[in-house]
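One letter stands for each residue in the lines below.
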Amino acid sequence: MGGFKKLVARYAVPDIAPDIRDEFVIHAASDVQKNARWLFFFLFLTTPLAAFAGSDAVPWIVRWGMPVVMGVYCLLGFAMLSRPLDFTNSPKLARHFVVDSSISSCFGALICSTWCVLSWLYAPVDDRLQFPIILVMGALATAYCLANVRIGAVANLVIDLAPISLLLLTSGEMLNFAAGSSLLLAGLFQWRMINAHHRHVISLLKLQKENRQLALTDPLTGLLNRRALQDFADALAMDRARARILLIDIDRFKAINDRHGHDTGDEVLVEIARIIQSFDGNSISAARLGGEEFALLGSDDALPSSIALKVLAAIREAPMPHGEPVTVSIGIAEGIMHSPEDWQRLYSKADAALYEAKNSGRNRFFDASAVNVGSVDENGRAEPAPKIAAA
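Residues numbered from 1 in each chain as written. Predicted model: local features only at pLDDT ≥ 70, side-chain atom pairs only at ≥ 80, totals over all residues. Heavy atoms only, no water.

J.: Give me the lowdown on the overall build of the protein chain, citing residues and values where you can.
T.: Counting its regular elements, the protein chain contains 12 helices and 6 strands. Relative to the compact-globule value of 21 Å for 391 residues, the protein chain shows a C-alpha radius of gyration of 33 Å, a clear excess of over 25%. Each of the three principal axes of the protein chain carries a C-alpha extent, and together these read 100 × 45 × 35 Å. Per-residue burial for the protein chain yields a buried fraction of 45% across its 391 residues. Considering only contacts in the protein chain between residues 6 or more positions apart, those separated by 24 or more positions represent 72%. A total accessible area of about 20100 Å² is found for the protein chain, and carbon and sulfur atoms account for 60% of it. The positive charge centre, built from 36 side chains, and the negative charge centre, built from 40, are 4 Å apart in the protein chain. (Helix = DSSP H or I, 4+ residues; strand = E, 2+ residues; numbered from the N terminus. Rg over C-alpha atoms; globule rule 2.2 N^0.38 Å. Buried < 20%, exposed > 50% of the residue type's maximum accessible area, 1.4 Å probe, protein only. Contact = heavy atoms within 4.5 Å. Areas by Shrake-Rupley, 256 points an atom, 1.4 Å probe, with all protein chains shown as cover. Lys, Arg positive; Asp, Glu negative; His and termini not counted. Charge placed at Lys NZ, Arg CZ, Asp CG, Glu CD.)

J.: Tell me what's going on with the packing of helix H6 (residues 150-169) against helix H7 (residues 174-216), and back it up with residues and numbers.
T.: Packing of H6 against H7 leaves a shortest axis separation of 8 Å and a crossing angle of 170 degrees. As summarised for this structure, H6 and H7 are arranged roughly antiparallel, according to the angle between their axes. For the contact of H6 with H7, the residue count by class is 13 nonpolar, 8 polar and 1 charged. (Axes fitted to C-alpha atoms, helices over the stretch in contact; angles between N-to-C directions. Parallel < 35°, antiparallel > 145°, perpendicular 65-115°, else oblique. Nonpolar A, V, L, I, M, F, W, Y, C, P; charged D, E, K, R; others polar.)

J.: Describe the pairing of strand S3 (residues 293-299), and please don't skip the residues or the numbers.
T.: Burial of S3 is extensive: 7 of the 7 residues sit out of reach of the surface. Bridge count for strand S1 (residues 242-250) against S3 is 7 bridges, and the pairing is antiparallel. Following the sheet pairing, Asp249 is matched in S3 by Glu293. The sheet contact formed by strand S2 (residues 284-290) and S3 spans 6 bridges and is antiparallel. Across the sheet, residue Ala286 finds its bridge partner in S3, namely Leu296. (Pairing = 2+ DSSP bridges.)

J.: Describe a nonpolar patch on the surface, naming the residues involved and giving the relevant values.
T.: There is a patch of nonpolar side chains on the surface, built from Trp38, Phe41, Phe42, Phe44, Leu45 and Leu75 and spanning about 580 Å² of accessible area. Summarising the element assignment, Phe41 is placed in helix H2 (residues 18-52). (Patch = residues over 30% accessible without salt bridge, like charges linked within 9 Å, V, L, I, M, F, W, Y side chains within 5 Å. Salt bridge = Lys/Arg side-chain N within 4 Å of Asp/Glu carboxyl O.)

J.: I'd like a rundown of the environment of Arg199, residues and numbers included.
T.: Relative to the helices and strands, Arg199 resides in helix H7. In this structure the C-alpha to C-alpha distance between Arg199 and Asn148, which are 51 residues apart in sequence, comes to 9.6 Å.

J.: Please give an account of the nonpolar core that cites residues and values.
T.: In this structure, Trp115 and Ile164 are the most contacted members of the largest nonpolar core, which totals 42 residues. If you tally residues by element for this core, the top one is H2, at 10 residues. Not counting residues up to four positions away in its chain, the partners in contact with Ile164 are Cys116, Val117, Trp120, Pro132, Leu135 and Leu183. Listed in part, the 30 residues of the second largest apolar core include Phe294, Val311, Ala318 and Val328. (Core = buried A, V, L, I, M, F, W, Y, C linked by side-chain atoms within 4.5 Å.)

J.: Help me get a handle on the pattern of salt bridges, residues and values and all.
T.: Applying the stated rule across the entire model yields 10 salt bridges. Close ionic contact of Asp249 with Lys358 constitutes a salt bridge, the shortest N to O distance being 2.8 Å. Of this pair, Asp249 sits in strand S1 while Lys358 sits in helix H12 (residues 340-359), and the two are 109 residues apart along the sequence. For the pair shown, Asp249 and Lys358 are each scored as buried. In this structure, Arg274 engages Glu271 in a salt bridge whose closest nitrogen and oxygen atoms are separated by 2.5 Å. Of this pair, Arg274 and Glu271 both sit in helix H10 (residues 262-277), separated by 3 residues, roughly a single helical turn. The exposure class assigned to Glu271 is buried, which follows from its relative accessible area of 19%.

J.: Which residues make up unusual backbone geometry, and what are the values?
T.: With a phi close to 65 degrees, Arg362 is a non-glycine residue in the positive phi region. On the secondary structure map, Arg362 appears in the loop between H12 and strand S5 (364-367). If you check the backbone angles, Asn363 has positive phi at about 50 degrees while not being a glycine. Residue placement: Asn363 occurs in the loop between H12 and S5. Here Asn363 falls in the partly exposed class, since its relative accessible area comes to 22%.

J.: Explain the layout of surface pockets to me, using residue names and the numbers behind them.
T.: Approximately 920 Å³ is the volume found for the largest pocket. Lining the largest pocket are 43 residues, and of these Phe40, Leu43, Tyr73, Ser104 and Ser105 sit closest to its centre. Of all elements in the fold, only H2, helix H3 (60-81), helix H4 (91-122), helix H5 (130-145) and H6 reach the threshold of two or more residues within the lining of the largest pocket. In terms of residues, the lining of the largest pocket owes the most to one element, H4, which gives 12 residues. Grouping the amino acids of the lining of the largest pocket by side-chain chemistry returns 29 nonpolar, 11 polar and 3 charged. (1 Å grid on protein atoms, 1.4 Å probe; cavity = no way out; pocket = protein on both sides within 12 Å on 5 of 7 lines; lining within 4 Å. Points joined across faces, edges and corners; volume = space filled by probe spheres on them.)

J.: So, the packing of aromatic side chains: which residues are in play, and what are the values?
T.: Counted by the stated rule, this structure contains 9 aromatic pairs. With a centroid separation of 6.3 Å and 70 degrees between ring planes, the pair formed by Trp38 and Phe78 is classed as edge-to-face. Residue Trp38 is located in helix H2, and its partner Phe78 is located in helix H3; the two are separated by 40 residues in the primary sequence. Measuring from centroid to centroid gives 5.1 Å for Phe87 and Phe97, while their planes differ by 45 degrees, and the two rings are tilted. Linking Phe87 in the loop between H3 and H4 with Phe97 in helix H4, this pair joins segments that are 10 residues apart in sequence. (Phe/Tyr/Trp six-rings, centres within 6.5 Å; stacked < 30°, edge-to-face > 60°.)

Spelled out as C-alpha cells, the structure:
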C-alpha cells in the first residue's frame, strides 16, 4: 500500500516550480476539503432517490445493498472532512490529505460505477438509461471537486464513465450509442476544463509569489526592504532572541550623484548592496532601508560586532562603477526583542550610533553597546561616548 500511495503522490502533486509547489499543495488540499464535504452531503441525499427509482428486476443486493454502502461512505467522508484541518503551515499534511482524498474518491467511484453497471445489466431495456444519467452527474461533480488533483480527477472520470460508456456503445441500440458517445465527450470536456483550471491556479500562484516578492524586496538592489526587515525582526522577537543590527550608510553619497549622475549612483548602490548581501546568512538578513542606508540584522551569535570591520574593508577596497573608492559609516546596537517597541528602541540606538560614527570622521563604526546604560536617554538615543572603533 505504501508503494501505491507513493505512486499516487507522484502524480497527485504535479511537477511545478519548487518555489510554489508547497503553496499549490496547500491550495489543493484546502479546496478539496471545502468542496468535497458538500459533495458527500449531496451524494448522500441522491443515493436513496436513485435506489427507490431502481427496477424491481435488479437483485436486492444491487438495488439496496450498494446504495447503503455508498450512503455509509458519504457519511464517513462528510464526518471526516468536517474536522478542522489547517494546512497553512503544513505542506506535508496537505500532501497526505491530497493523496488520501484521491484514493478515497476512487473507492467511491468504484462503488458508483459497479452499482450503475450491474443495475443497467439487470434492468429492463426501457429503464436502463436512468442509471448512467444519475452516475454522470456524480462523476462530473466529483471530478470538479478534484480539479486541483488531476490524477484523482481523471481516475474518477475513467472509473465512472468508461465501463458504462462501453456498455452503451456496444449495446446495438442507436439511442444507447448516442448516450455513450455523449458520456465520453462530457468526460473529455471535463478533463480539458480541469487542465485549464490547473494552469490558471498555477499562474495565479506564480503571480502571488511575484507580488509578495515585490512587496518585500527593494527593486533596485534586490535586497529586502524595510517592511521585510521588520518581519524578520518580528520573527526574532517571537524567538525571544538577542538581536544585533548594523545600520550602514554610504559616506558622502550625494557627492557621487552630483558629480557622476544618478545612474552611476544607482550602480554604486547595487555594488554596495552586493557586498552587504555577501554577509547574509541563515540568521542574518540584509536590507536596503531607503536612499543610501542599508542594514544587517540577526541574532547576536550569528552577527558579531566584528563583522562591521569586514564590511568597512570590503566596501572601501571594492572597485566601484565611477572609479573612485567608497566608504561607509556603521552604527551597531544589540538587545533582546520581545515586542515591536523593542525593535524600535534597537533601531533608534543603532541610528544614534551611526550618527556618532558620522560625526567622528566617517569610514568607521560605532558600537552603542560600548556606551553605559545611563548614557542612553529616554528616547533610546545614545549619548556621545569615548569609545570609538575605527577601521
